[in-house]
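Listed below are the residues making up each chain.
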Amino acid sequence: MNGVPRGVRRASEAVDPALGHGVALKADFAVQRGDFRLEVKLTVPQGEVTAVMGPSGAGKSTLLDAVAGSVRVASGQIELIDGTIVSKRRHPTAQARGVVMLSQDALLFPHLSVRDNVAFGLTVRGLAKSRARQVADEWLWRVGLSGSGGHRPRELSGGQQQRVALARALAVSPRLLLLDEPLTGLDAETASETRAVLHEQLSATRTSTLIVTHDAFDAAALARQVVVIEGGRVTQRGAVRQVLEAPATRFVAAVAGLNRVTGTATRGAWTAPTADEALRIEASLPAGTADGASLVAVFRPADVRLARTAEPTWTGAIRVAHDEPREPGEWLAKVARLEPTPGGARVHTTAPDVVVEVPAAQLAALALSTGDPVRLSVDASDVRVMAAQPSA
Ligand SMILES: Nc1ncnc2c1ncn2[C@@H]1O[C@H](COP(=O)(O)OP(=O)(O)OP(=O)(O)O)[C@@H](O)[C@H]1O
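Residues numbered from 1 in each chain as written. Predicted model: local features only at pLDDT ≥ 70, side-chain atom pairs only at ≥ 80, totals over all residues.

A. Structural detail: the sheet that holds strand E22 (residues 384-387). With antiparallel pairing, the five strands of this open sheet are ordered in space as E13-E12-E11-E14-E22. Edge strands, defined here as strands with exactly one partner in the open sheet, are strand E13 (279-281) and E22. Averaged over all adjacent pairs, the angle separating strand axes in this sheet is 40 degrees, with direction ignored. Where strand E12 (residues 269-272) lies against E13, three bridges are found, and the strand directions are antiparallel. Following the sheet pairing, Thr-271 is matched in E13 by Arg-280. (Pairing = 2+ DSSP bridges. Helix = DSSP H or I, 4+ residues; strand = E, 2+ residues; numbered from the N terminus. Axes fitted to C-alpha atoms, helices over the stretch in contact; angles between N-to-C directions.)

B. How the structure looks around the site of the ligand. Every residue close to the ligand is listed here: Arg-33, Gly-34, Phe-36, Gly-54, Ser-56, Gly-57, Ala-58, Gly-59, Lys-60, Ser-61 and Thr-62. The biggest single contributor to the shell around the ligand is helix H1 (residues 60-68), with three residues. Residues belonging to the shell around the ligand are distributed by class as follows: two nonpolar, seven polar and two charged. (Near = placed C-beta within 6 Å. Nonpolar A, V, L, I, M, F, W, Y, C, P; charged D, E, K, R; others polar.)

C. Local environment of helix H4 (residues 129-142). Between its first and last C-alpha, H4 extends 20 Å over 14 residues, near the 20 Å set by a 1.5 Å rise per residue. Considered for burial, the residues of H4 that qualify are Ala-132, Val-135, Ala-136, Asp-137, Trp-139, Leu-140 and Arg-142. Taken together, the buried residues of H4 touch helix H3 (114-124), helix H5 (158-171) and helix H6 (188-205). (Expected span 1.5 Å × (residues − 1). Buried ≥ 20, exposed ≤ 12 C-beta atoms within 10 Å, placed from the backbone. Contact = placed C-beta atoms within 7 Å.)

D. How the structure looks around the domain arrangement of the protein chain. Looking at the protein chain, the domain boundaries give domain 1 (17-245) and domain 2 (258-387). Centre-to-centre separation of domain 1 and domain 2, based on C-alpha positions: 41 Å. (Domains from an automatic or database assignment.)

E. Structural view of the sheet that holds strand E19 (residues 344-350). Pairing is antiparallel in the open sheet, where five strands are placed in the order E15-E21-E18-E19-E20. Unpaired on one side and paired on the other, strand E15 (304-308) and strand E20 (354-359) mark the two borders of the sheet. Pairs of neighbouring strands in the sheet enclose a mean axial angle of 45 degrees, with direction left out of account. For E19 and E20, the ladder comprises six bridges, and the chain directions are antiparallel. When the sheet's bridge partners are listed, His-348 is paired in E20 with Val-355.

What follows is the structure in structure tokens.
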């Protein structure tokens, strides 16, 4: 697309050597918000999308606010691609930083047409109004909204408004785009359409982006790398797939839909206490693991088999699992909660906390209730054992 106004940069512009090649943002700073302290070290590669995930209250929005400039840095600094430095003493405006934030709420100007909403940032940056409107129309076409330029924002659906906000953000070719849960609040179909437009436009423009999301699917669909923040600290970072396959914390395991149980290396196997006998899984341990080392076992809920502890055998006699020795990979637990899914249920069990995916047909046969004792088992070949310490 041509017609980029003066002062508005393209994502492909030369990189300031001070920041290092291919880096859009380098941050190592702390922010204090009341009692809450966020301390992060983070790099956003140029032209790529980095996801930020973390539980509620972890500090994700605070991170974006600090980068955008709505919150002051308490110590350390944030360095942007053109050499702009943010620190306790230096607090440039969002525009001077070349940073644009897009949140859950599209925040369009209600009294302006859709076209003028998109053109607004361009005219502020010095483009003539007629040219800005032309560029705005091109952007509306790119996000699938050609023909909507003359409407008021209230005449568009939530998803369409979000696409206008995206067009407005990308039209000024920001050095860094900040997206704060842009798909939250949209219904599944609209979110899917908006996700596709986001992916297409972020890839096409190679806009350096930091996106906060609570959804592993969005992270995998949109981002190349992910930074996990918990309690104001980075707990894991890396390529999205790598992080989801090897969760360093319970939060990441839950987001990835995996079980993550902490245990110990005991005589060449992974073991963990249960309310009953110790659970022993004879999976391969990381090379060089010393006896007694803390290790986590990661496995899919669908790979855990679940049976009632007392069940009739083919002879009609009742077999009670408590009376039998436990096989490796087998343990007794209690049902804590049943969570319905489209195909059955996720059965949450305790001691240790493990989720089991049970298909609908089996669920009907089991007739489970909260508090029921159950016998669980998992094959060692379905379990990945890793060192317990977080990698961030
Ligand atoms: N303006 C503020 N003044 C004081 N404390 C704040 C302010 N905004 C946020 N906080 C606190 O900072 C912490 C981090 O909040 P933040 O909104 O960054 O978390 P988050 O990870 O984005 O959470 P969520 O996913 O729920 O949006 C919270 O404990 C919150 O109460």
